[in-house]
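Residues per chain, in single letters:
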Amino acid sequence: MPLKFIREDITTLKVDAIVNAANTSLLGGGGVDGCIHRAAGPELLAECRTLGGCATGGAKITKGYRLPSKYVIHTVGPVWHGGEHGERELLESCYRTSLDLAAERGCASVAFSLISAGVYGYPKEQALQVAVDTIRAFLETRPMEVYLVLFDREAWALGQEHYPELI
């Protein structure tokens, strides 16, 4: 199946690329971002310092260093401001841009966390819908295995409820 939900630690996945929900500096932070930076080691931070940050909706790629994945794709999701400030379009861009980068590097497998659904406050149900819709649209034209890591209980329950075929 080209798109599948999983509930695992993204830093342990043996995929070609993992997608990091980063901040605009790309220099690490809390949550998934901090976990990925710690697991990859200081070389990841050193490479991120050379990238000049990243705009919301964009993505940049680095090596995976000490991670089992070859690459880390860093994408900056939108902060939720009620849904009337282009949040959906920016979130769609995160997924599309990340998938395009993965395809350019020849990746056959990619794992995403649920972008913007943590401290950025994007409602999880809506974030999940954007992720599924955008990834499915991409997969209609390009073959790739894509995993959506739904680590917390609420996101996992939403996935089971709305997309049981992807579990």
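Refer to the structure above for everything that follows.
Residues numbered from 1 in each chain as written. Predicted model: local features only at pLDDT ≥ 70, side-chain atom pairs only at ≥ 80, totals over all residues. Heavy atoms only, no water.

Once that is clear, we can look at the overall build of the chain. Looking only at helices and strands, one finds 5 helices and 6 strands in the chain. In the chain, the succession of α and β elements from N to C terminus is β-β-α-α-β-β-α-β-α-β-α. In terms of overall dimensions, the chain is globule-like: its C-alpha atoms have a radius of gyration of 14 Å, near the 15 Å expected for 167 residues. In terms of its C-alpha atoms, the chain occupies a principal-axis envelope of roughly 40 × 35 × 30 Å. Expressed as a percentage of its 167 residues, the buried residues of the chain come to 50%. Taking the intrachain contacts of the chain between residues at least 6 apart in sequence as the baseline, contacts between residues at least 24 apart amount to 67%. When the accessible surface of the chain is totalled, it reaches about 7900 Å², and 51% of it is carbon and sulfur. Side chains of the chain carry 16 positive and 20 negative charges; the gap between the two charge centres is 8 Å. (Helix = DSSP H or I, 4+ residues; strand = E, 2+ residues; numbered from the N terminus. Rg over C-alpha atoms; globule rule 2.2 N^0.38 Å. Buried < 20%, exposed > 50% of the residue type's maximum accessible area, 1.4 Å probe, protein only. Contact = heavy atoms within 4.5 Å. Areas by Shrake-Rupley, 256 points an atom, 1.4 Å probe, with all protein chains shown as cover. Lys, Arg positive; Asp, Glu negative; His and termini not counted. Charge placed at Lys NZ, Arg CZ, Asp CG, Glu CD.)

On to the nonpolar core, then. Phe5, Tyr95, Phe112, Leu114, Leu128, Ile135 and Leu148 are the most contacted members of the largest nonpolar core, which totals 38 residues. Counting residues per element, this core draws most heavily on helix H4 (residues 124–139), at 8 residues. Apart from residues no more than four positions distant in its own chain, Leu128 is found in contact with Phe5, Leu114, Leu148, Leu150, Ala155, Leu158, Gly159 and Tyr163. Counting 18 residues, the second-largest nonpolar core is a separate cluster that includes Ile36, Ala40, Val76 and Ala111. (Core = buried A, V, L, I, M, F, W, Y, C linked by side-chain atoms within 4.5 Å.)

A few words now on H4. Between its terminal C-alpha atoms H4 stretches 22 Å, which fits the 22 Å expected from 16 residues at 1.5 Å a residue. Within the span of H4, buried status applies to Lys124, Ala127, Leu128, Val130, Ala131, Val132, Thr134, Ile135, Phe138 and Leu139. (Expected span 1.5 Å × (residues − 1).)

Taken across its 5 residues, strand E6 (residues 145–149) has 4 buried, putting it largely inside the fold. Direction of pairing for strand E1 (residues 3–6) relative to E6: parallel, over a ladder of 4 bridges. For Leu3, the partnering residue across the bridge sits in E6 and is Val146. Sheet topology places strand E5 (residues 109–113) next to E6; 5 bridges connect them, and they run parallel. Bridge pairing links Ser113 to Val149 in E6. Crossover connection from E5 via H4 to parallel E6: handedness right-handed. (Pairing = 2+ DSSP bridges. Right-handed = clockwise from strand over helix to strand, strands pointing away.)

The interhelical angle for the contact between helix H3 (residues 87–104) and H4, taken along N-to-C directions, is 40 degrees, at an axis separation of 9 Å. As far as their axial angle goes, H4 and H3 are oblique. As for how H3 packs across H4, the hand of that crossing is right-handed. On the side of H3, the interface is formed by Arg88, Leu91, Glu92, Tyr95, Arg96, Leu99, Asp100 and Ala103, while H4 contributes Ala127, Val130, Ala131, Asp133, Thr134, Ile135 and Phe138. Each residue belonging to the contact of H3 with H4 can be placed in one class, and the counts come to 9 nonpolar, 1 polar and 5 charged. (Axes fitted to C-alpha atoms, helices over the stretch in contact; angles between N-to-C directions. Parallel < 35°, antiparallel > 145°, perpendicular 65-115°, else oblique. Left-handed = near helix turned anticlockwise from the far one by under 90°. Nonpolar A, V, L, I, M, F, W, Y, C, P; charged D, E, K, R; others polar.)

Summarising the element assignment, Thr75 is placed in strand E4 (residues 71–75). Polar side-chain contacts of Thr75 include one of 2.8 Å to the backbone oxygen of Gly58. Each residue touching Thr75, except ones within four places of it in the same chain, is listed here: Val19, Asn20, Ala21, Ala22, Gly58, Ala59, Cys94, Ser98 and Ile115. (Polar contact = N/O pair within 3.5 Å; in protein donor to acceptor, adjacent residues only side chain to side chain.)

A word on the packing of aromatic side chains. In this description, an aromatic ring pair is defined by two values, namely the gap between the centres and the angle between the planes. Within this structure, the stated rule accounts for 3 aromatic pairs. Seen from their ring centres, Tyr95 and Phe112 are 4.9 Å apart, and the 40 degrees between their planes marks the pair as tilted. Here Tyr95, found in helix H3, pairs with Phe112, found in strand E5; they are 17 residues apart in sequence, far enough to count as distant. Each member of the pair, Tyr95 as well as Phe112, carries the same accessibility label: buried. (Phe/Tyr/Trp six-rings, centres within 6.5 Å; stacked < 30°, edge-to-face > 60°.)

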